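Listed below, chain by chain, are the residues.
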Amino acid sequence: MPFALLLALAATAGATLLTYLYDRETTFPARVCAGVCMGLAALGLLGFILASLIGLNAPSLFIAGVLTGSPLLLLIKGKWRERVGDDLAETRRAARRALIHPGKGGVAAALFYCGVALVLWLVFDRAMFQDARGIFTGASNNLGDLPFHLAVIHGFLDGANFPPQHPEFAGVRLTYPFIVDFLTAMFMRAGASLQGALFWQNFVLALALVGVLHRWALALTRDSLAGLLTPVLVLLSGGFGWVVFLSEAAESGQGVIGLLTNLPKDYTIIPPLGYRWGNAVTTLLIPQRSWLLGIPLALIVFTLWWKATDGDGERGRRGDGERGRRGDGEKEGKAKSKGVAGKKHRAESKARRHGQGKYDEETATTQATTRVSPSLHLSVSPSRLMLAAGVIAGLMPLAHAHSFAVMMGMGGLIALGLAARWALLVRDTVPEVPPWPELWAELRPWAAFFAVALALAVPQLFWATRDSGMKAGNFIGFVIGWEHGTENVVWFWIKNTGLFIPLLFAALLWRGRRPLVTGRLLYFYLPFTLCFIVPNLFRLSPWLWDNIKILFWWWIASAMLVALLLARLWRSGMMLRGVALLSLLALTLAGALDVWRTASGAIENEVFGRGGVEFAEVIKRETPPRSLILHAPTYNDPVYLTGRRTYIGYIGHLWSHGIDYAAREAEMKRIYTGAPDAVSLIERSGIEYIVVGPLERAELLRSSARVNETFFQRYTKVGETGEYRLYKTRP
């Protein structure tokens, strides 16, 4: 375990230090949150490359740790030590001030992060746990996904699965984003237990995700309350399922408290009632754990985009002509106030220029009183920010391909939108100035971003999709509405998202003296509406529900605007404060119920029983690492705990991954029933071992067939535990 901890700390510390190259303004805790995500992604990618060359062993782990931790050598220079030392000192001073002279903002932020940490601890402690009875999950949507992730992890750890083949379909390239699972295998090779590696990795990444999401919302809205509300709206996503809960509490006679002690089901996904928009924590972050890397990496890139297109950057210093075209920029340049007053004046001018509403005075006070190294006040050019964004984006294809695709699409649309807005502004204000040189100056940072991102990403994408076995035609189809069935599409979305969409429209349409969303913020947000529109017109995966991997990015971007609206209402008098509070409760109650159901221990689903875990150890002892094994195509076969290659696995996963499995499924049934051509099928397919156990017998019975026990007596039985038997088909 100490070696695993050192690996994680080296990667995190190295990436945290690199943030000083492109970000001179943020707080040290925010740097650490970004460093966790970037460092672990880099550690996983470098570790995978090294393991593919020399194996997953101590040398490859050591080299990966040294490479990702190498930025720490920058601390040899006094200037770097001063920067980090000043940030650490200011963090300590801020913590001391919050304890001695607590203000509303500081107390709210402290309580928020303490609460988030506690909830995430309880939730991920139930994601996977193991005792003498076997392996269990306390998350309702993790029953099928957990064995898949364990199969990927054990494939790297025990099966020498390099280059990685699909854990449920041998011979086909694994295209599922696997870096987060490879990291788990690295930590286990470094001495961590399976349960410990999964828990700590999930918990730390989830907590860092909240920090990154908080900072992104704060940067775009410039509102401290909206910055805190955004992660709440994202993590507790849900709809009107809480109405079902209240109805059941009344009908059952248990009351609300009684039902809360033992929740019988989830309230964001209720298929019979048409609820399909699952909670982010229980349906995405726990079962589809690649999101834990995909979301924060993309948000870091989005934040850098925002900073790079800021009028206070390099473009704001090109001359009086351009400053004149920026309206309030000239007023800001003439501001002579010092300290807090000067900070507030400049920030208010900037907020008006970008249409971001009232400036948060509490944030201004905090920033103005923060003592940092004088060198940190130097601005960073947009090109450097975008180059950094390109490098971070290049870490994403094998970490979370859907987030990478969304990010690249949004980047192209945002760049075009900002360029069009800029060109119109130039034409309307200074029509005699030729726009093309200046337009290229605006787009040059974006060109740098795409060049770096694609240079790093294209080789990964080419490697991952070659020999993938996926059928492209299985992924694209025309649909109207997402998962609505026979229900009215509009009502379906209102029911599944509650007040979210009406409040989003209210935020976009809010006018008056201080509109909520105008200018640059609007141009940044509008492309994300396509993340809602396109998945409601096209099926982007064999399983329509998987469109949520695109839809959820619309929710994340929109949550920031809804949070800004709630913050504005909270500050608008007692009556509207009550409206804001009730709206927040209605938006998050269904999601909170699902999260509570997991955290409270109401769920305990067996994934692998004691017999299955013991049989997995027999398989690892009796078979070489890359052996090809035939077993039942179920989601929880013990073979998944061995890392050995599977001839055909769980049909639900294969179908959703776009793999054509029909031929192998038919062959599997012919072999287990002892058909006349069973022996030749075994030889032709290269199957080396066959499992005969309770899962195989049950699977054949579902097909109205039986396992031919006599047929397998011709083969050597090399292992047996309880009802499980392992046969070797070759001498």
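You'll find the structure just up there.
Reference entry: report on the structure contained in this document. (Residues numbered from 1 in each chain as written. Predicted model: local features only at pLDDT ≥ 70, side-chain atom pairs only at ≥ 80, totals over all residues. Heavy atoms only, no water.)

Time to look at the overall build of the protein. Counting its secondary structure elements, the protein contains 31 helices and 12 strands. Relative to its 731 residues, the protein shows a buried fraction of 56%. When contacts within the protein are restricted to residue pairs at least 6 apart in sequence, long-range pairs at least 24 apart make up 76% of them. Accessible area of the protein: about 29800 Å², with a carbon and sulfur share of 64%. (Helix = DSSP H or I, 4+ residues; strand = E, 2+ residues; numbered from the N terminus. Buried < 20%, exposed > 50% of the residue type's maximum accessible area, 1.4 Å probe, protein only. Contact = heavy atoms within 4.5 Å. Areas by Shrake-Rupley, 256 points an atom, 1.4 Å probe, with all protein chains shown as cover.)

Per the counting criterion, the structure on display carries 25 salt bridges. R610 serves as the salt-bridge partner of E614, at 3.2 Å between the closest nitrogen and oxygen. One end of the pair, E614, and the other, R610, are both in helix α27 (residues 610–622), four residues apart, so they sit about a helical turn from each other. Residue E614 is classed as partly exposed on the basis of its relative accessible area, which comes to 36%. Taken together, the shared-partner salt bridges in this structure form one network comprising R697, E709, K717, E720 and R725. (Salt bridge = Lys/Arg side-chain N within 4 Å of Asp/Glu carboxyl O.)

With that settled, consider the pairing of strand β12 (residues 724–728). As paired elements, strand β10 (residues 689–692) and β12 share four bridges and run antiparallel to each other. Across the sheet, the residue bridging to Y689 is K728, located in β12. Taken together, the five bridges between strand β11 (residues 716–721) and β12 define a ladder with antiparallel strand orientation. Within β12, the residue paired with E720 across the bridge is R725. Where β11 hands over to β12, the hairpin turn is made up of two residues, of which G722 adopts a positive phi near 60 degrees. (Pairing = 2+ DSSP bridges.)

Spatially, β1-β2-β7 is the arrangement adopted by the three strands of the open sheet, whose pairing is antiparallel. Where the open sheet ends on each side, the last strands, each with one partner, are β1 (129–131) and β7 (605–609). Direction aside, neighbouring strands of the sheet carry axes that sit 30 degrees apart on average. The pairing of strand β2 (residues 134–137) with β7 spans four bridges and is antiparallel. If you follow F136 over to β7, its bridge partner there is E606. (Axes fitted to C-alpha atoms, helices over the stretch in contact; angles between N-to-C directions.)

Compared with the 26 Å implied by 1.5 Å per residue over 18 residues, the 25 Å span of helix α13 (residues 291–308) between its first and last C-alpha is a close match. Within α13, 18 of the 18 residues are buried, which leaves the element mostly enclosed by the surrounding structure. (Expected span 1.5 Å × (residues − 1).)

We now examine a nonpolar patch on the surface. Together, F3, L6, L46, I49, L53, I54, F62, I63, V66 and L67 give the surface a local cluster of nonpolar side chains, amounting to about 920 Å² of exposed area. Within the secondary structure, I49 is located in helix α2 (residues 28–54). (Patch = residues over 30% accessible without salt bridge, like charges linked within 9 Å, V, L, I, M, F, W, Y side chains within 5 Å.)

A word on the nonpolar core. Counting 168 residues, the largest nonpolar core has F187, W305, F552 and W553 as the members making the most contacts within it. No other element matches the 19 residues that helix α25 (residues 548–570) contributes to this core. Once residues lying within four places of it in the same chain are set aside, the contact partners of F187 are A4, L7, A8, L40, L43, A192 and A197. In terms of nonpolar packing, the next biggest core, distinct from the first, is built from 26 residues, V172, I651, I659 and L700 among them. (Core = buried A, V, L, I, M, F, W, Y, C linked by side-chain atoms within 4.5 Å.)

Right, let's get into the environment of L461. Note on placement: L461 falls in helix α20 (residues 435–465). On the accessibility criterion, L461 (34% relative accessible area) is partly exposed. Ignoring any residue separated from it by four or fewer positions in sequence, one finds L461 in contact with P397 and F404.

This brings us to the pairing of β10. Side-chain alternation along β10 places Y689 and V691 on one buried face and I690 and V692 on a second face that is also buried. Where strand β8 (residues 628–630) meets β10, two bridges bridge the pair, whose relative direction is parallel. Bridging across to β10, L630 finds its partner in I690.

Residues of helix α31 (residues 694–702) that are buried: L695, E696, E699 and L700. Mapping the buried residues of α31 onto a view down its axis gives an arc of 130 degrees, with all of them on the same face. For α31, the elements touching its buried residues are α29 (662–672), β10 and β12. Trailing α31 by a residue or two, S704 shows a phi angle of about 60 degrees, which is positive. (Arc of directions from axis to C-beta.)

We now examine the packing of α2 against helix α7 (residues 179–189). Two quantities define a packed helix pair, namely the angle between the axes and the distance from one axis to the other. The geometry of α2 relative to α7 is characterised by a closest axis approach of 9 Å and an angle of 75 degrees between their N-to-C directions. Classed by the angle they form, the pair α2 and α7 counts as roughly perpendicular. Where α2 approaches α7, its residues L40, A41, L43, G44, L45, G47, F48 and A51 are matched on the opposing element by I179, F182, L183, M186 and F187. Taken together, the residues that form the contact of α2 with α7 break down as 11 nonpolar, two polar and no charged. (Parallel < 35°, antiparallel > 145°, perpendicular 65-115°, else oblique. Nonpolar A, V, L, I, M, F, W, Y, C, P; charged D, E, K, R; others polar.)

Our next topic: the sheet that holds strand β9 (residues 645–646). The mixed open sheet is built from five strands, whose spatial order is β9-β8-β10-β12-β11. Each having just a single partner strand, β9 and β11 make up the two edges of the open sheet.

Along the chain, L67 falls in helix α3 (residues 58–69). The sequence separation of L67 and L46 amounts to 21 residues, and the corresponding C-alpha distance is 8.2 Å.

This part covers the packing of aromatic side chains. Applying the stated criterion across every chain, the model contains 52 aromatic pairs. Ring geometry for W305 and W446: centres 5.1 Å apart, planes at 50 degrees, overall tilted. Separated by 141 residues along the polypeptide, W305 in helix α13 and W446 in helix α20 bring together distant segments of the chain. For W305, a relative accessible area of 0% corresponds to the buried category. An aromatic cluster is defined as three or more aromatic residues linked by ring pairs; in this entry it consists of W277, W291, W482, F492, W493, F500, F532, F552, W554 and W555. (Phe/Tyr/Trp six-rings, centres within 6.5 Å; stacked < 30°, edge-to-face > 60°.)

The next subject is the side chain of E696. Among the secondary structure elements, E696 is positioned in helix α31. Here E696 sits buried without a salt bridge, and the closest side chain of opposite charge, R697, lies 6.4 Å off (N-O distance). Side-chain polar atoms of E696 contact the backbone nitrogen of G693, separated by 2.9 Å. Apart from the residues within four sequence positions on either side, E696 is in contact with H631, A632, D637, Y672, V691 and V707. (Lys, Arg positive; Asp, Glu negative; His and termini not counted. Polar contact = N/O pair within 3.5 Å; in protein donor to acceptor, adjacent residues only side chain to side chain.)

Next up on the list: unusual backbone geometry. Omega for the peptide link from F162 to P163 comes to -10 degrees, which places this bond in the cis form. Inspection of the secondary structure puts P163 in the loop between α6 (145–158) and β3 (165–166). Even without being a glycine, R222 presents a positive backbone phi close to 55 degrees. Looking at the secondary structure, you find R222 in the loop between α8 (194–221) and α9 (224–235). Within the chain, E483 stands out as a residue other than glycine whose phi angle is a positive 55 degrees. Mapped onto the secondary structure, E483 falls in the loop between β5 (477–478) and α21 (489–497).

What is shown is where atoms sit, not what they do.
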